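Listed below are the residues making up each chain.
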Amino acid sequence: MRELSYGCPSVLRMALDLISLLPEPWQAALTPFLDRERVAALGEFVEREYADQTVYPPVDDLFAAYRLCAPEQVRVLLLGQDPYHGPGQAHGLCFSVRAGTRVPPSLRNVFKEMAADVGSAMPTSGELTGWGEQGVLLLNAVLTVRGGKPGSHANKGWEEFTDATIRAVNAFDHRVVYLLWGSYARKKAALVTNPNHVVLEAGHPSPMNPKGFLGTRPFSATNKALTDAGLPEIQWDLTTV
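These numbers come from a predicted model, not from an experiment. (Residues numbered from 1 in each chain as written. Predicted model: local features only at pLDDT ≥ 70, side-chain atom pairs only at ≥ 80, totals over all residues. Heavy atoms only, no water.)

**Some details on the overall build of the chain**
Line of reasoning, step 1. Looking only at helices and strands, one finds nine helices and eight strands in the chain.
Line of reasoning, step 2. By the burial criterion, 51% of the 241 residues in the chain qualify as buried.
Line of reasoning, step 3. Here the analysis covers contacts within the chain between residues at least 6 apart in sequence; of these, 66% occur between residues at least 24 apart.
Line of reasoning, step 4. Of the accessible surface of the chain, which amounts to about 11,000 Å², a share of 50% is contributed by carbon and sulfur atoms.
Line of reasoning, step 5. Looking at charge distribution, the chain has the averaged site of its 22 positive side-chain charges lying 8 Å from that of its 25 negative ones. (Helix = DSSP H or I, 4+ residues; strand = E, 2+ residues; numbered from the N terminus. Buried < 20%, exposed > 50% of the residue type's maximum accessible area, 1.4 Å probe, protein only. Contact = heavy atoms within 4.5 Å. Areas by Shrake-Rupley, 256 points an atom, 1.4 Å probe, with all protein chains shown as cover. Lys, Arg positive; Asp, Glu negative; His and termini not counted. Charge placed at Lys NZ, Arg CZ, Asp CG, Glu CD.)

Here is the structure:
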């Protein structure tokens, strides 16, 4: 298999085998729901894009959400659409940006609702790693994007890959709360058929949708669904984790 350098001539990488890049527990969980030929075609597309274009997130962060929480640790699945497309923003977790990066408007609304809902302080950082470490799978439906071109990697195969993730989580015996914000994410509710799980839908937190998200209280509702199943709450306040 040929080697490629992704944006840096001094760093060589093997052509992308997406399944092998996943942590082993996730490989086992997702494989029954994936078509290997279609995943191989997606890997070829993603490989070319990283080689020829500016693509976010960095390839090392591609499966950051999966690395943060093993399948048995997932208590919440929060679904975004595709990564941020600006420099230094996307790092493999939906809605999240690296510490030190300006908090995007949608995430500011998430924090505003969180403060109103559970009384948390307003975070100064937009990095959501602390949620992922508690079992919140911060999943985008599309895991890569060209710089400056939102939606540019839609309909290339990522949706089937992440739908397989949703189906794999749906098969878990323990309760998982699905947070589906916005019309795109809400369409995925049809994939959640296990009665153990809870789906909480709301509008997208974008400032363009001022009445669809604010006031929906998703954070306290998530914690109630978890405690009803005998599971620990998520500590949403990122200033204390």
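**Some points on helix H5 (residues 105-118)**
Line of reasoning, step 1. With 14 residues, H5 should reach 20 Å at 1.5 Å per residue; the first-to-last C-alpha distance of 20 Å fits that figure.
Line of reasoning, step 2. For H5, the full list of buried residues reads Ser 106, Leu 107, Asn 109, Val 110, Phe 111, Glu 113, Met 114 and Asp 117.
Line of reasoning, step 3. Residues of H5 that are buried make contact with helix H6 (129-132), strand E7 (177-181) and helix H9 (218-228).
Line of reasoning, step 4. Positioned one or two residues after H5, Gly 119 has a phi angle of 75°, which is positive. (Expected span 1.5 Å × (residues − 1).)

**Things to note about the nonpolar core**
Line of reasoning, step 1. Ranked by size, the top nonpolar core spans 73 residues in total, and within it Trp 26, Trp 131, Trp 158 and Phe 161 carry the most contacts.
Line of reasoning, step 2. Considering each element in turn, this core owes the most residues, six residues, to helix H7 (residues 158-170).
Line of reasoning, step 3. Excluding its chain neighbours within four sequence positions, the residues that come into contact with Trp 131 are Leu 78, Val 110, Met 114, Val 136, Leu 138, Phe 219, Gln 235, Trp 236 and Leu 238. (Core = buried A, V, L, I, M, F, W, Y, C linked by side-chain atoms within 4.5 Å.)

**Regarding the environment of Val 74**
Line of reasoning, step 1. The residue Val 74 is located in the loop between helix H4 (64-68) and strand E4 (76-80) in this model.
Line of reasoning, step 2. For the pair Val 74 and Arg 175, spaced 101 residues apart in sequence, the C-alpha to C-alpha distance is 8.8 Å.
Line of reasoning, step 3. Ignoring anything within four residues of it in the chain, the contact list for Val 74 reads Trp 26, Cys 69, Gly 135, Leu 137, Val 169, Phe 172, His 174, Arg 175 and Val 176.

**Quick word on the sheet that holds strand E8 (residues 198-202)**
Line of reasoning, step 1. Spatially, E5-E4-E7-E8 is the arrangement adopted by the four strands of the open sheet, whose pairing is parallel. Every interior strand has two partners, whereas the edge strands, strand E5 (136-140) and E8, have only one. Adjacent strand axes in the sheet meet at a mean angle of 20°, parallel and antiparallel pairs treated alike.
Line of reasoning, step 2. In terms of strand pairing, E4 meets E5 through five bridges, oriented parallel. Residue Leu 78 lies in a different strand from E5, and its bridge partner there is Leu 138.
Line of reasoning, step 3. Lying on the sheet, H7 is in contact with E4, E5 and E7; it crosses E5 at an angle near 155°. (Pairing = 2+ DSSP bridges. Axes fitted to C-alpha atoms, helices over the stretch in contact; angles between N-to-C directions.)

**Concerning the UniProt feature "active site" (unreviewed entry) in the chain**
Line of reasoning, step 1. Within this numbering scheme, the UniProt entry marks Asp 82 as carrying the feature "active site" (unreviewed entry).
Line of reasoning, step 2. The residue Asp 82 is located in the loop between E4 and H5 in this model.
Line of reasoning, step 3. Contacts of Asp 82, omitting those with residues within four sequence positions, involve Asn 140, Val 142, Val 145, Pro 150 and Gly 151. (UniProt positions renumbered as here; feature names shortened; annotations may be inferred.)

**Here's the deal with H7**
Line of reasoning, step 1. Compared with an ideal rise of 1.5 Å per residue, which puts 13 residues at 18 Å, H7 spans 18 Å between its outermost C-alpha atoms and is within 8% of the ideal.
Line of reasoning, step 2. Summarising burial for H7: 11 of the 13 residues are buried, a large majority.

**Considering the side chain of Ser 96**
Line of reasoning, step 1. Assignment of secondary structure puts Ser 96 in the loop between E4 and H5.
Line of reasoning, step 2. On the basis of relative accessibility, which here comes to 0%, the residue Ser 96 falls in the buried class.
Line of reasoning, step 3. Polar contacts involving the side chain of Ser 96 include one to the main-chain carbonyl oxygen of Gly 126, which spans 3.4 Å.
Line of reasoning, step 4. Ignoring any residue separated from it by four or fewer positions in sequence, one finds Ser 96 in contact with Tyr 84, Gln 89, His 91, Gly 126, Glu 127 and Leu 128. (Polar contact = N/O pair within 3.5 Å; in protein donor to acceptor, adjacent residues only side chain to side chain.)

**Some remarks on unusual backbone geometry**
Line of reasoning, step 1. Note the cis peptide between Tyr 56 and Pro 57, where omega equals -5°.
Line of reasoning, step 2. Within the element layout of this structure, Pro 57 appears in the loop between strand E3 (55-56) and H4.
Line of reasoning, step 3. In the Ramachandran plot, Asn 155 falls in the positive-phi region, its phi being about 60° despite a non-glycine side chain.
Line of reasoning, step 4. Asn 155 sits in the exposed class, given a relative accessible area of 71%.

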